[in-house]
Amino acid sequence: MWFLVALPTLVAVGLAYAYVRARRAHARALEERGWLLERERETAAQSAVDAERARIAHDLHDIVSHNVSVMVIQTGAARQVLTTSVEDAEAALLAVEAAGRDTMAELRHLLGVLAPKGDSDVLSPQPSLTRLSELIDRMAFAGLAVDVRISGDPCPLPTGVDVTAYRIIQEALTNALRHGDGVKAEVTVRYAQHALRVEVLNTGPSVLTGGRAPAPEGDGRGLLGLKQRVAVYGGQFDARRRLGGGFRVRAKLPLERP
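By convention here, each chain's residues receive numbers from 1 onward along its written sequence. For a predicted model such as this one, the threshold for reporting local features is a pLDDT of at least 70, and the threshold for listing and counting side-chain atom pairs is 80 or more; totals across whole chains, interfaces and linings nevertheless cover every residue. Note that water and hydrogens are dropped before the side-chain values are worked out from all heavy atoms of the structure.

### What about the overall build of the protein?
Stated formally: Numbering goes from the N terminus for both helices and strands, where a helix is a DSSP run of H or I of at least four residues and a strand is a run of E of at least two. The cut-offs for exposure are 20% and 50% of the maximum accessible area for each residue type, with area from a 1.4 Å probe on protein chains only; residues under the lower value are buried, those over the upper are exposed, and the others partly exposed. In what follows, a contact means two residues having at least one pair of non-hydrogen atoms within 4.5 Å. Accessibility throughout is a Shrake-Rupley quantity obtained with a 1.4 Å probe, and a residue counts as covered only by protein chains that appear here.
Scanning the protein from terminus to terminus reveals five helices and five strands. Its helices and strands taken in sequence order, the protein reads α-α-α-β-α-β-β-α-β-β from the N to the C terminus. Taking all 258 residues of the protein together, 29% fall into the buried category. If you take every contact in the protein between residues at least 6 apart in sequence, the share linking residues at least 24 apart comes to 73%. Total accessible area on the protein stands at roughly 16,800 Å², and carbon and sulfur atoms take up 58% of it.

### Observations regarding the packing of helix 3 (residues 132-142) against helix 4 (residues 159-179)
The angle between the axes and the distance between the axes are what describe a pair of packed helices. For the record, the criterion: To obtain each axis, a line is fitted to C-alpha atoms, and for helices this fit is confined to the stretch in contact; angles are then taken between N-to-C directions over 0 to 180 degrees. Here the word oblique covers every angle except those under 35 degrees (roughly parallel), over 145 (roughly antiparallel) and from 65 to 115 (roughly perpendicular). Note on residue classes: Ala, Val, Leu, Ile, Met, Phe, Trp, Tyr, Cys and Pro are nonpolar, Asp, Glu, Lys and Arg are charged, and everything else, Gly too, is polar.
Close contact between helix 3 and helix 4 brings their axes to 11 Å; oriented N to C, the two are set at 5 degrees. When the axes of helix 3 and helix 4 are compared, the pair comes out roughly parallel. Of the residues in helix 4, those in contact with Leu-132, Leu-135, Ile-136, Arg-138, Met-139 and Ala-142 of helix 3 are Tyr-166, Ile-169, Gln-170, Leu-173, Thr-174 and Leu-177. Looking at the contact of helix 3 with helix 4 residue by residue, the classes come out as nine nonpolar, two polar and one charged.

### So, the environment of Val-96
Structurally, Val-96 can be placed in helix 2 (residues 87-114). The spatial distance from the C-alpha of Val-96 to the C-alpha of Gly-76 is 9.4 Å, given a sequence separation of 20 residues. Those residues in contact with Val-96 that sit more than four places away from it in its chain are Met-71 and Thr-75.

### A closer look at the confidence of the model for the protein
The line we're drawing: pLDDT is a residue-level measure of predictor confidence that goes from 0 to 100.
The share of residues in the protein with pLDDT of 70 or more is 69%, and the mean pLDDT across the chain is 75. Across residues 213-219, where pLDDT falls below 50, the model places seven contacts with residues more than four positions away in sequence or in other chains.

### Details of the side chain of Thr-164
With respect to the helices, strands and loops of the structure, Thr-164 is situated in helix 4. Accessibility expressed as a relative area gives 0% for Thr-164, which makes it buried.

### Quick word on the sheet that holds strand 3 (residues 195-202)
Stated formally: DSSP calls a pair of strands paired once it identifies at least 2 bridges connecting them.
Strand order in the open sheet made by the five strands is 1-2-3-5-4, with mixed pairing throughout. Edge positions in the sheet fall to strand 1 (145-151) and strand 4 (236-241), since each of these pairs with one other strand and no more. In this sheet, adjacent strand axes meet at a mean angle of 10 degrees when their direction is disregarded. Contacts from helix 4 reach strand 1, strand 2 (184-191), strand 3, strand 4 and strand 5 (247-254) within the one sheet, and its direction differs from that of strand 3 by about 10 degrees.

### Here we look at the pairing of strand 2
Note: strand 1 against strand 2, seven bridges, orientation parallel. Note on strand 2: the bridge partner recorded for Arg-149 is Thr-188. Linkage of strand 2 to strand 3, two consecutive antiparallel strands, is achieved through a turn of three residues.

### A few points about the side chain of Thr-188
Mapped onto the secondary structure, Thr-188 falls in strand 2. For Thr-188, a relative accessible area of 10% puts it in the buried group. With residues near it in sequence (within four places) discarded, Thr-188 still touches Arg-149, Arg-197, Val-198 and Glu-199.

### Some words on the nonpolar core
The following threshold applies: Throughout this description, the term nonpolar core refers to a set of buried Ala, Val, Leu, Ile, Met, Phe, Trp, Tyr and Cys residues connected via side-chain atoms within 4.5 Å.
Counting residues in each nonpolar core, the largest one holds 31 residues, and the members touching the most others are Leu-129, Val-146, Ile-168, Ile-169, Leu-173, Leu-196 and Phe-237. Mapped by element, the contributors of at least two residues to this core are helix 3, helix 4, strand 2, strand 3, helix 5 (221-232) and strand 5. Residue contributions to this core peak at eight residues, all from helix 4.

### Structural notes on the environment of Thr-75
Within the fold, Thr-75 resides in helix 1 (residues 2-80). Placed 20 residues apart in sequence, Thr-75 and Ala-95 show a C-alpha to C-alpha distance of 9.8 Å.

### Quick word on the pattern of salt bridges
Keep this limit in mind: Salt bridge criterion: a side-chain nitrogen from Lys or Arg within 4 Å of a carboxyl oxygen from Asp or Glu.
Taken as a whole, this structure holds six salt bridges when the rule is applied. Close ionic contact of Asp-238 with Arg-240 constitutes a salt bridge, the shortest N to O distance being 2.8 Å. Residue class for Arg-240 comes out partly exposed when judged on its relative accessible area of 45%. The structure contains a network of salt bridges with shared partners spanning Asp-147, Lys-184 and Glu-186.

Right, here's the structure in full:
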């Protein structure tokens, strides 16, 4: 009789013990899964940064190689047309020419290792804000209306800054086309004495009004690369969702003046 009375209690205790063990095992499985997902996100983010660094290397290779080539050619020409025998001047020109050739060779070696091999864009025109209208036309053809506002006095930009500004607008508009509502985007470029400011706004659903959830953060891995690129020039970069819906990308790129 005692055994029959205690049996339900023992069964209940056994079930409770099994339940606790199952909950602990489930918690450990969730923790392990979360750790694996975090590792995957970190790996994906690092891959995006590495890919953008390779792209930066390619752009810098074109920029520096062109400038150094011009320096070498002009310096060599100046040495040939000298009408006086100022030995010190000629020695200085020879030194600049030799330094230019050595620098170009080193850059080709180092950046050539970082740049992707067999890139199909090698012969494509250099990205530039002077070609912004072509990008806007392509976006309009794809279905995204873009308003462009230029303020300040447009001026020649350092090539690296020019390329970076174009890449920011390109990436932001591409994300707007993919993840926004595809209705409208606004691009603002502000020229100032000491900095170039770029801002891209796009419309999109808002979670506050019951719209669908925005695209996951992982889908905007290109933004990590843009942040890395802007940091190369000592600039500031900010990308975030707008409270009323859509996305905003801002960048400030310092301009060195003589």
